[in-house]
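# Structure at a glance
Chain residues, written in single-letter form:
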Amino acid sequence: MLFKELIKKLKSYYVLPVLLFSISFIIGFFTKIPMPNNFPKIDINTIFPHTFLGILTNNLKVILINLSGSVLFGLPTLINIIYNGFMIGFQVKGLFFIGADLKYILITMLPHGIFEIPAMLIAAVAGFKIPYEITLYLLDKKEKPITEEDIKEFLKLAGISIVLIVIAAFVEVYITPEIANYLLH
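Residues numbered from 1 in each chain as written. Predicted model: local features only at pLDDT ≥ 70, side-chain atom pairs only at ≥ 80, totals over all residues. Heavy atoms only, no water.

## With respect to helix 4 (residues 52-68)
Between its first and last C-alpha, helix 4 extends 24 Å over 17 residues, near the 24 Å set by a 1.5 Å rise per residue. For helix 4, the full list of buried residues reads Ile55, Leu56, Asn59, Val62, Ile63, Asn66 and Leu67. Projected down its long axis, helix 4 shows its buried positions confined to an angular sector of 135°, all on one face. In helix 4, those exposed residues whose orientation departs by more than 90 degrees from the buried face are Leu53 and Leu64. Along its buried surface, helix 4 packs onto helix 5 (75-97), helix 6 (102-138) and helix 7 (148-184). (Helix = DSSP H or I, 4+ residues; strand = E, 2+ residues; numbered from the N terminus. Expected span 1.5 Å × (residues − 1). Buried < 20%, exposed > 50% of the residue type's maximum accessible area, 1.4 Å probe, protein only. Arc of directions from axis to C-beta. Contact = heavy atoms within 4.5 Å.)

## Considering a nonpolar patch on the surface
A cluster of nonpolar side chains, Tyr14, Val15, Leu19, Ile23 and Ile27, forms an exposed patch at the surface whose accessible area comes to about 420 Å². With respect to the secondary-structure elements, Ile27 resides in helix 2 (residues 12-30). On the basis of relative accessible area, Ile27 is assigned to the partly exposed category, the value being 48%. (Patch = residues over 30% accessible without salt bridge, like charges linked within 9 Å, V, L, I, M, F, W, Y side chains within 5 Å. Areas by Shrake-Rupley, 256 points an atom, 1.4 Å probe, with all protein chains shown as cover. Salt bridge = Lys/Arg side-chain N within 4 Å of Asp/Glu carboxyl O.)

## Topic: the pattern of salt bridges
A side chain with one charge may pair with a side chain of the opposite charge, provided their charged atoms come close. By the definition in use, this model includes six salt bridges. Residues Asp150 and Lys129 are paired through a salt bridge, measuring 3.1 Å at the closest nitrogen-oxygen approach. Of this pair, Asp150 sits in helix 7 while Lys129 sits in helix 6, and the two are 21 residues apart along the sequence. With its nearest N and O atoms 3.3 Å apart, the salt bridge here joins Lys152 to Glu148. Highlighted residues: Lys152 and Glu148, both in helix 7, separated by four residues, approximately one helical turn. Taking the relative accessible area as the measure of exposure, Lys152 reaches 46% and is therefore partly exposed. What makes Glu148 exposed here is its relative accessible area of 56%. Through salt bridges with shared partners, a single ionic network connects Lys129, Glu133, Lys142, Asp150 and Glu153.

## Side note on the nonpolar core
Core analysis: the largest hydrophobic core is formed by 33 residues, its most contacted members being Leu67, Ile81 and Ile105. At the level of elements, helix 2, helix 4, helix 5, helix 6 and helix 7 are the ones that each hand at least two residues to this core. Aside from chain neighbours lying at most four places away, what touches Ile81 is Pro17, Leu20, Phe21, Ser24, Asn66, Met120, Leu121 and Ala124. (Core = buried A, V, L, I, M, F, W, Y, C linked by side-chain atoms within 4.5 Å.)

## Some details on the packing of aromatic side chains
All told, the structure shown has eight aromatic pairs when counted by the stated rule. Taking 4.9 Å as the distance between ring centres and 40° as the angle between the ring planes, the aromatic pair formed by Tyr13 and Tyr14 counts as tilted. Its relative accessible area of 2% is what places Tyr13 among the buried residues. With a relative accessible area of 31%, Tyr14 lands in the partly exposed category. Ring centres of Phe29 and Phe96 lie 6.0 Å apart, and the angle between their planes is 90°; this geometry places the pair in the edge-to-face category. You can see Phe29 sitting in helix 2 and its partner Phe96 sitting in helix 5, a full 67 residues away along the chain. Aromatic ring contacts, followed pair by pair, group Tyr13, Tyr14 and Tyr132 into a single cluster. If you follow Lys93 out to its NZ or CZ, it ends over the ring of Phe29, 5.7 Å from the centre. (Phe/Tyr/Trp six-rings, centres within 6.5 Å; stacked < 30°, edge-to-face > 60°. Lys NZ or Arg CZ within 6 Å of the ring centre and 35° of its normal.)

## Some remarks on helix 7
Its 37 residues place the ends of helix 7 50 Å apart at the C-alpha level, agreeing with the 54 Å of an ideal helix rising 1.5 Å per residue. A bend of about 45° at Glu172 is the largest found in helix 7. (Bend = angle between axes of the 7 residues up to and from the residue.)

## A word on the packing of helix 2 against helix 5
Two elements in contact, helix 2 and helix 5, have axes whose closest approach is 6 Å; the angle formed by their N-to-C orientations is 35°. Of the two elements, helix 2 crosses helix 5, and the hand of that crossing is right-handed. In this structure, helix 2 uses Pro17, Leu20, Phe21, Ser24, Phe25, Ile27, Gly28, Phe29 and Phe30 to contact helix 5, whose residues at the interface are Leu78, Ile81, Ile82, Asn84, Gly85, Phe86, Ile88, Gly89, Phe90, Val92, Lys93 and Phe96. (Axes fitted to C-alpha atoms, helices over the stretch in contact; angles between N-to-C directions. Left-handed = near helix turned anticlockwise from the far one by under 90°.)

Below is the structure:
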């Protein structure tokens, strides 16, 4: 009973990013990789050469694209969440392809991924929030297209996603490589 009530309360703009990301991740993972078979052994220093500012800038672009869906009726958010899901799935498949095992993949992706992926999904929820509310208004299911509460929720989601992406960048640059070096050598 509690689960049914929770599902009723969830808005489609909360569920859509998770579904899109998951489906595109699976498609990316199962996409054939057209690469030669003679790859060198994996070197952690090759995977983690980035600076905090470089990683943060790249990840903030993803967040800002997702947030821009709020003013561009969700289109950039839709494209970005599908693209990133596909690319992460493809990257994981690529790591398996070049000989990484599940332990390696989890150790090198999980420490920062537990912040980065939720940040991306939360920003996508925010990016779909305003178009969802406007659609309800256009369908005569709301009196005002955007309320003060809608704006507060958008800003809260945007703020949470930005904080999480800063944490993710820090972890990716300073913590993930240390964990990987310790556990994989």
